[in-house]
Amino acid sequence: MSAAAIIGGGIMGGDIAIVFAANGWKVHVMSPSQKTRDALPARIAAGLKKLGAPQGHAANVTTYARLEDLLWRDIGIVVEAATEDLPLKQWLFARIETLARPDIALATNTSNFPIGEVGKSLKHRARVAGLHFFMPAHLVPLVEVVSAEFTEPKVAEELVALMKAFGKAPIWVKKDVPGFVGNRIQHAMLREALYLINDGIVDAEGVDTAVRYGFGFRFIACGPILQKEMSGWDTNTLVAAALYPRLYNNSTPAPVVKALVDMGRLGMKAKRGFWEWNDAKIAQEKARIERCLQAGMEILKSDGGK
């Protein structure tokens, strides 16, 4: 049985562990937090249930407090999912390099830092790559496999193949650009949306309705490139020429967001953001979102994708 080491058992690490466990792998999760380790078995069981995976696979997940305690001789891949702290990640990779077998991929789930920076001080950097899951990792199909300048192409190709075998939808990001692909596209849209709110053109609920019931609704059937293949690039070029000069291109976050942060209105974790939250509403909304994601995944499975 194949074995994976997941470094960090928090929000992302725990969900990535579910992905590997659901596919029959042994999973070794390292977290220095006793609270995180104690909470993991219930998370794994719940995640396997949502994926329709055998509950017995939960027994294949083991937790550890120290890197040195993992069964490194058995581990065939490492996925680092620690806190988004670059010095911490660099320290972890330096330690992992001395412990892991020399023939396995060392991957980081970072979404903030260049892969080249995470692995820059290693002696054998060619096996370092990004393996960026999107939250919640066990439900969202997309995984970005990111090559740094020094990443051996075979390493990236094998990670893409592994994610496909897991039923994920991996893309190979061949250049280590900030934000990779998904976050660049997502934040381009978010900047426009937040400045529209900032300037009083629409409210937060209006933005979400426009996305969910407009172009976001059709994105589950086809992405933006295929959609324009259907409507025609001549039309797109005319619209773009007229619209692009009028889009927001600010290099700073919208003032409306800074005001929220300054007031401590950080979203669900602060019980207030654009909307007011309590524990019951948060649980209800998260459950609804997971149901939608699972239903969407069933549509994609039945469609076969493109």
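Residues numbered from 1 in each chain as written. Predicted model: local features only at pLDDT ≥ 70, side-chain atom pairs only at ≥ 80, totals over all residues. Heavy atoms only, no water.

Participant: Can you lay out the sheet that holds strand 8 (residues 169-173) for me, pointing to particular residues and giving the numbers?
Facilitator: Taken in spatial order, the eight strands line up as 3-2-1-4-5-6-7-8 in an open sheet, and their pairing is mixed. The sheet is open, and its two edges are formed by strand 3 (61-64) and strand 8, each paired on a single side. Each adjacent strand pair in this sheet contributes to an overall mean axis angle of 25°, direction not counted. Its contacts with the sheet put helix 1 (residues 11-22) on strand 1 (3-7), strand 2 (26-30), strand 3, strand 4 (77-80) and strand 6 (128-133), and the angle it makes with strand 1 is roughly 170°. Strand contacts of helix 2 (residues 34-51): strand 2 and strand 3, with the helix running at about 165° to strand 3, the strand carrying the most contacts. (Pairing = 2+ DSSP bridges. Helix = DSSP H or I, 4+ residues; strand = E, 2+ residues; numbered from the N terminus. Axes fitted to C-alpha atoms, helices over the stretch in contact; angles between N-to-C directions. Contact = heavy atoms within 4.5 Å.)

Participant: Please set out the packing of aromatic side chains residue by residue, giving values where relevant.
Facilitator: The tally for this structure, following the rule as stated, stands at five aromatic pairs. Centre to centre, the rings of Phe20 and Trp25 are 5.2 Å apart; their planes meet at 75°, and the pair counts as edge-to-face. Overall, Phe20 belongs to the buried group, its relative accessible area being 0%. Residue Trp25 is classed as buried on the basis of its relative accessible area of 13%. An aromatic cluster is defined as three or more aromatic residues linked by ring pairs; in this entry it consists of Phe20, Trp25 and Phe166. The ring of Trp172 has Lys174 lying over it, and the distance from NZ or CZ to the ring centre is 4.9 Å. Positioned over the ring face of Trp277 is Lys281, at 5.6 Å from the centre of the ring. (Phe/Tyr/Trp six-rings, centres within 6.5 Å; stacked < 30°, edge-to-face > 60°. Buried < 20%, exposed > 50% of the residue type's maximum accessible area, 1.4 Å probe, protein only. Lys NZ or Arg CZ within 6 Å of the ring centre and 35° of its normal.)

Participant: Go over the pairing of strand 4 with me, naming the residues and quoting the values.
Facilitator: Residues Ile77 and Val79 of strand 4 are buried on one face, and the alternating residues Val78 and Glu80, pointing to the opposite face, are buried as well. Sheet analysis places strand 1 next to strand 4, joined by four bridges and oriented parallel. Bridge pairing in strand 4 links Ala4 to Ile77. A crossover connection joins strand 4 to the parallel strand 5 (residues 105-108) through helix 3 (residues 86-99); in handedness this β-α-β unit is right-handed. (Right-handed = clockwise from strand over helix to strand, strands pointing away.)

Participant: I'd like a rundown of the pattern of salt bridges, residues and numbers included.
Facilitator: Per the stated rule, a full pass over the model turns up 15 salt bridges. Of the charged contacts in the structure, one is a salt bridge between Glu117 and Lys120, with a shortest N-O distance of 3.3 Å. Owing to a relative accessible area of 43%, Lys120 belongs among the partly exposed residues under this scheme. Each of Glu80, Glu84 and Lys89 takes part in salt bridges that share partners, so that together they form one network. (Salt bridge = Lys/Arg side-chain N within 4 Å of Asp/Glu carboxyl O.)

Participant: Could you give me a rundown of unusual backbone geometry, with the residues and numbers involved?
Facilitator: Across the junction of Met135 and Pro136, the peptide omega takes the value -5°, indicating a cis bond. Mapped onto the elements of the fold, Pro136 is located in the loop between strand 6 and strand 7 (142-146). Not every positive phi belongs to a glycine, and Lys271 is a case in point at roughly 70°. Tracing the backbone through its elements, the reader meets Lys271 in the loop between helix 10 (255-262) and helix 11 (279-303).

Participant: Before we move on, can you summarise the layout of surface pockets with the specific residues and values?
Facilitator: Size it by volume and the second largest pocket reaches roughly 320 Å³. Forming the walls of the second largest pocket are 15 residues, and the residues nearest its centre are Leu51, His138, Phe166, Met297 and Lys301. At the level of secondary structure, the elements contributing two or more residues to the lining of the second largest pocket comprise helix 1, helix 2 and helix 11. At four residues, helix 11 tops the list of elements feeding residues into the lining of the second largest pocket. Considering only residue class, the lining of the second largest pocket consists of seven nonpolar, four polar and four charged. (1 Å grid on protein atoms, 1.4 Å probe; cavity = no way out; pocket = protein on both sides within 12 Å on 5 of 7 lines; lining within 4 Å. Points joined across faces, edges and corners; volume = space filled by probe spheres on them. Nonpolar A, V, L, I, M, F, W, Y, C, P; charged D, E, K, R; others polar.)

Participant: Report on a nonpolar patch on the surface, specifying residues and quantitative values.
Facilitator: A cluster of nonpolar side chains, Val239, Leu243, Tyr244 and Leu247, forms an exposed patch at the surface whose accessible area comes to about 370 Å². Residue placement: Leu243 occurs in helix 9 (residues 233-243). A residue is classified by how much of its surface remains accessible, and Leu243, at 40% relative accessible area, is partly exposed. (Patch = residues over 30% accessible without salt bridge, like charges linked within 9 Å, V, L, I, M, F, W, Y side chains within 5 Å. Areas by Shrake-Rupley, 256 points an atom, 1.4 Å probe, with all protein chains shown as cover.)

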